[in-house]
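Residue-level structural notes
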Amino acid sequence: MRIHSWILPVLGVLLVLGTVLGLAVLPAAAQGPRLWINSGSGDWNYAGNWANDLMPDAFFGDSASITNGGTATLTGAALYPIGGVLIGPGSLEMSANGSLDVVDASDVPGAEASTGFFSTATNGILSLADNATLAVAENATLNGTTTISGPNVSFSIDGNLNLGDTGNLNLEITHPTQHSVISLLGTAALAGTLHVSFGGGVSPSLGDTWTIIDSGAVSGYFRSIDMAGGGLGLGQIAGISQVSGGNGVLTQLAIQQRLVLEVNRETGAASIRNPGAAAIAMDGYTIESLQGTLLPSGWSSFASRPIAGWEEVPSTIHGLGELEKTVSGSYTFGSATAEPIGSLYNPLADSQFGAILPEDLVFTYRDPNEGVCTGVVDYVGTLQVHNLVLTVDPASGNAQVRNASPTKSIAIDGYTITSASGSLLTSFDSSLPNSEWAETAGSANGVGELNFSTGATTLNPGDTYEITGIFAAGGVEDLVYRFRYQGGSALEGDFNSDGQVDRDDLTDPTLGWIARFGADLDGNDFLLWQRNFGSSGSTTTSGILTGIVLYDGSFPTAAGSAIPEPAAGWLFVLSIFLFLSAKYSKCA
């Protein structure tokens, strides 16, 4: 049995009497943490959800540990304040006026020691909505996923807030001007990812601002910002800025206009654009590509024209840039203006067929008034790759495979399409010749075809074949397209041509011995597999490649994806910017 704080006066009298009269004194209760034992979802205030039927209570120095993967829910006030919270794996969901006080020992006279901490591990989840109140006496560390919904949540911290690199802060904004604020007296150390979504009929527009953190100070910045929906215009993004106010610094989310790097996939031509109505100044920029798709020889820099005051930094296929050297100089982009900077993009830098080169350009510029900003990259024109592209129409369920390479042909003798979510239809039909190609046994998770007679079908540049009725209506867009190009394996028994003779050569759903037995493989092939089991080597004459999957022709890195941070090459230019400007801020 536990003795709670409401009997503290009575307990004090008993302790005095016990000392005077020589009576036995009750021992102090054992200090937490108290373990949540419900592996499903349950009420925080139900003792049976906690180990030994003991709810955490700060009077006894208890902290709460939700680390078994279960979910604790609070839809009213917690019965007792507690001395700390640790979550992960597991969840705490607070809504419908749910409230929780995380206190330290000084807040509970006579209590055992407690620390007033709140912490989520990488796999910990905290959800706050519908007038929830969470008060933390000391520091909060959020390494997991924190979701704050709407404008009526109270989340206060007397100490510091640390949003770790693995932290995800999800803001569900349902009011046009207000959102719940994380209020703290100490420093907000920012990292991780900020996710923003809109509900309640809110339609964000340029200039809209929401205060999301009120802190004594701020350090760091969100590594990326991901905004879902909103229907913003070109170059408009959810950005972060800090202004003075409140406890010291207000961190605000604002819909901002950024400069846009427009890149033509077919010609490689690029330009810097301001699609907005207000002028934007720039005194330096970099363009980077981790995959090496830049062409410095085609770059037409400001310095090369020449425009006075501008100077190039050393350029490579991975990065190029320039800056205005004078302290007060800059280039101003007026409303709806663009400045061509040459044919600097080379998407086919890697000539190997099947090499997947993501559109990975990162455009960073410095606004003299706002600081270093991550711009928006807008790709136009047809995707340029040496690869096969599967384009799916989610509405009709039909698809098309196209050899997107402008110069290379490919001969294929098999392909598979897989879906982890089960979004495929086995009743599909393809335009490949029925006399040469046959479907393999398939399911909602994987289908495919093999060429059993002629050996291969050649797809020249621009050639296509159709696949009707392959995608289930409303299915998850998670398809993976793989194809085998013509040739025999360099290893006998390596039926799936991955360079290894192993169990996969029997069980591969399309290329394995079981799937192909009686078609182009027989018992002799099985004996070859047995003799060579465990062997490895190169597959110089055939192999399996992964194609690109598009939906309605959109590229996977379309608008709305997370804004990447500048790569390491930016540090050199950034150091020059810092030297030229004593006042520095980060606008993203």
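Given the structure is predicted, the values throughout are model-derived calculations rather than measurements.

Along the protein, the regular secondary structure elements total 5 helices and 45 strands. The proportion of buried residues among the 588 residues of the protein is 46%. Residue pairs in contact within the protein that sit at least 24 positions apart in sequence constitute 66% of those at least 6 positions apart. Of the roughly 25200 Å² that the protein leaves accessible, carbon and sulfur atoms contribute 54%.

This brings us to helix 4 (residues 523-532). Structurally, the start of helix 4 carries an N-cap: the backbone nitrogen of Asn 524 is 3.0 Å from a side-chain oxygen of Asp 522. At the exit of helix 4 stands Gly 534, carrying a positive phi of roughly 95°.

All right, on to empty space enclosed by the protein then. For the coordinates displayed, the defined rule picks out 6 cavities of 30 Å³ or more. The calculated volume of the largest cavity comes to roughly 50 Å³. Together, Arg 265, Tyr 345, Pro 347, Leu 357, Glu 359, Leu 383, Gln 384 and Val 385 line the largest cavity. Per-class residue counts for the lining of the largest cavity are 5 nonpolar, 1 polar and 2 charged.

With mixed pairing, 5 strands are arranged side by side in an open sheet as 38-42-36-35-45. Both edges of this open sheet fall to strand 38 (429-430) and strand 45 (548-551), since each of them pairs with a single strand only.

Turning to unusual backbone geometry, a few remarks are in order. Between Gly 88 and the following residue, Pro 89, the backbone shows a cis peptide bond with an omega angle of 0°. With respect to the helices and strands, the residue Pro 89 is situated in the loop between strand 5 (84-87) and strand 6 (90-94). With omega at -10°, the peptide bond leading from Arg 305 into Pro 306 counts as cis. Inspection of the secondary structure assignment puts Pro 306 in the loop between strand 27 (284-288) and strand 28 (310-316). For Asn 97, which is not glycine, the phi dihedral falls at a positive 70°. Positive phi values are uncommon outside glycine, yet Asp 130 reaches one of about 50°.

Our next topic: the pairing of strand 18 (residues 193-198). Note that strand 15 (residues 168-173) and strand 18 share 6 bridges and pair parallel. Of the residues in strand 18, the one forming a bridge with Glu 172 is Ser 197. Of the strand pairs in this sheet, strand 18 and strand 21 (residues 224-227) are connected by 4 bridges, and their pairing is parallel. Bridge pairing in strand 21 links Val 196 to Met 227.

A word on the side chain of Asn 38. When you line up the elements, Asn 38 lands in the loop between strand 1 (34-35) and strand 2 (41-43). Apart from residues no more than four positions distant in its own chain, Asn 38 is found in contact with Asn 49, Asn 68, Gly 70 and Thr 71.

About the cut-offs
Residues numbered from 1 in each chain as written. Predicted model: local features only at pLDDT ≥ 70, side-chain atom pairs only at ≥ 80, totals over all residues. Heavy atoms only, no water. Helix = DSSP H or I, 4+ residues; strand = E, 2+ residues; numbered from the N terminus. Buried < 20%, exposed > 50% of the residue type's maximum accessible area, 1.4 Å probe, protein only. Contact = heavy atoms within 4.5 Å. Areas by Shrake-Rupley, 256 points an atom, 1.4 Å probe, with all protein chains shown as cover. Polar contact = N/O pair within 3.5 Å; in protein donor to acceptor, adjacent residues only side chain to side chain. 1 Å grid on protein atoms, 1.4 Å probe; cavity = no way out; pocket = protein on both sides within 12 Å on 5 of 7 lines; lining within 4 Å. Points joined across faces, edges and corners; volume = space filled by probe spheres on them. Nonpolar A, V, L, I, M, F, W, Y, C, P; charged D, E, K, R; others polar. Pairing = 2+ DSSP bridges.

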